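A look at the structure
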Amino acid sequence: EDQVTQSPEALRLQEGESSSLNCSYTVSGLRGLFWYRQDPGKGPEFLFTLYSAGEEKEKERLKATLTKKESFLHITAPKPEDSATYLCAVQATGANNLFFGTGTRLTVIP
Amino acid sequence: IAGITQAPTSQILAAGRRMTLRCTQDMRHNAMYWYRQDLGLGLRLIHYSNTAGTTGKGEVPDGYSVSRANTDDFPLTLASAVPSQTSVYFCASRVTSGYNEQFFGPGTRLTVL
């Protein structure tokens, strides 16, 4: 059964304090791993797709990496506007739907 | 419009009433999805449609039905609402060839009393 576990559940950082969010997954065959950002009261906003172990993608202060068992979302020198819930999801081979983790709620304090 | 729209934004509904949540996309995506999001449980798939005229059941389909008469619209119907269907509902869509990411609408907050 597909499973996605995100940690920590919540994270408070000072502005400029870099850190990483973890997404551990179990899937029969990985077609893709997705990171989304969700602001309160809004729908998830797509950030990255990773397809194979060793792949990395960057966008501004965010960098996503992928291994065979987990993905990390690294946040470098975060700003208060990076505060949001970050969701990880996997798509299994042969499936067209996503299976989501419960998210990490990030708060960046000025 | 550009993207996905959902209506209503929020709704309070008496138990036993029928309710249809609307979803429209203008990106000509062939696949569409309905999720519910509950605290501590994350997003769970209710129903999906790979193309107009076809639908399928997701992880939590009981009590919900969908139809896909055309590419743009994917309504979700609660035939007889129950309090456990209180949730935030998100519609999503994607192109099924090439790019795999799903794009989400702004959500409908539904409260069943």
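Look up a bit, the structure's there.
Summary of the structure given here. Note that the structure is predicted; figures quoted are calculated from it, not measured.

1. Considerations on unusual backbone geometry
Look at the link from A:Ser7 to A:Pro8: it is a cis peptide, with omega at -10°. By the secondary structure assignment, A:Pro8 is in the loop between strand 1 (3-7) and strand 2 (10-14). Geometrically, the link from B:Ala7 to B:Pro8 is a cis peptide bond, its omega value of -5° lying close to zero. Topologically, B:Pro8 is positioned in the loop between strand 1 (4-7) and strand 2 (10-13). You will see that A:Glu60, though not glycine, has its phi angle at about 55°, which is positive. Secondary-structure assignment places A:Glu60 in the loop between strand 6 (56-59) and strand 7 (62-66).

2. What about the side chain of A:Gln6?
Residue and element names in this part refer to chain A. Inspection of the secondary structure assignment puts Gln6 in strand 1. Gln6 gets classed as buried once you look at its relative accessible area, which sits at 6%. Within the structure, Gln6 has its side chain in polar contact with the backbone nitrogen of Cys88 (distance 2.9 Å). From its side chain, Gln6 meets the backbone nitrogen of Gly103 in a polar contact 3.0 Å long. Not counting chain neighbours up to four residues away, the residues in contact with Gln6 comprise Asn22, Cys23, Trp35, Tyr86, Leu87, Cys88, Gly101, Thr102, Gly103 and Thr104.

3. Quick notes on the environment of B:Arg109
Residue and element names in this part refer to chain B. Among the secondary structure elements, Arg109 is positioned in strand 11 (residues 108-112). Taking C-alpha positions, Arg109 is 13 Å from Trp34, a pair spaced 75 residues apart along the chain. Beyond its immediate sequence surroundings of up to four residues, Arg109 is in contact with Thr9, Ser10, Gln11, Ser87 and Val88.

4. Looking at the sheet that holds strand 7 of chain A
Residues and elements named next belong to chain A. Across the sheet, five strands lie side by side as 1-3-8-7-6; this open sheet has antiparallel pairing. Looking along the sheet, the strands with just one partner apiece sit at the ends: strand 1 and strand 6. The sheet shows a mean angle of 15° between the axes of neighbouring strands, direction not considered. Taken together, the five bridges between strand 7 and strand 8 (residues 70-75) define a ladder with antiparallel strand orientation. Note on strand 8: the bridge partner recorded for Leu62 is Ile75.

What counts as what
Residues numbered from 1 in each chain as written. Chains lettered and ligands numbered in written order. Predicted model: local features only at pLDDT ≥ 70, side-chain atom pairs only at ≥ 80, totals over all residues. Heavy atoms only, no water. Helix = DSSP H or I, 4+ residues; strand = E, 2+ residues; numbered from the N terminus. Buried < 20%, exposed > 50% of the residue type's maximum accessible area, 1.4 Å probe, protein only. Polar contact = N/O pair within 3.5 Å; in protein donor to acceptor, adjacent residues only side chain to side chain. Contact = heavy atoms within 4.5 Å. Pairing = 2+ DSSP bridges. Axes fitted to C-alpha atoms, helices over the stretch in contact; angles between N-to-C directions.

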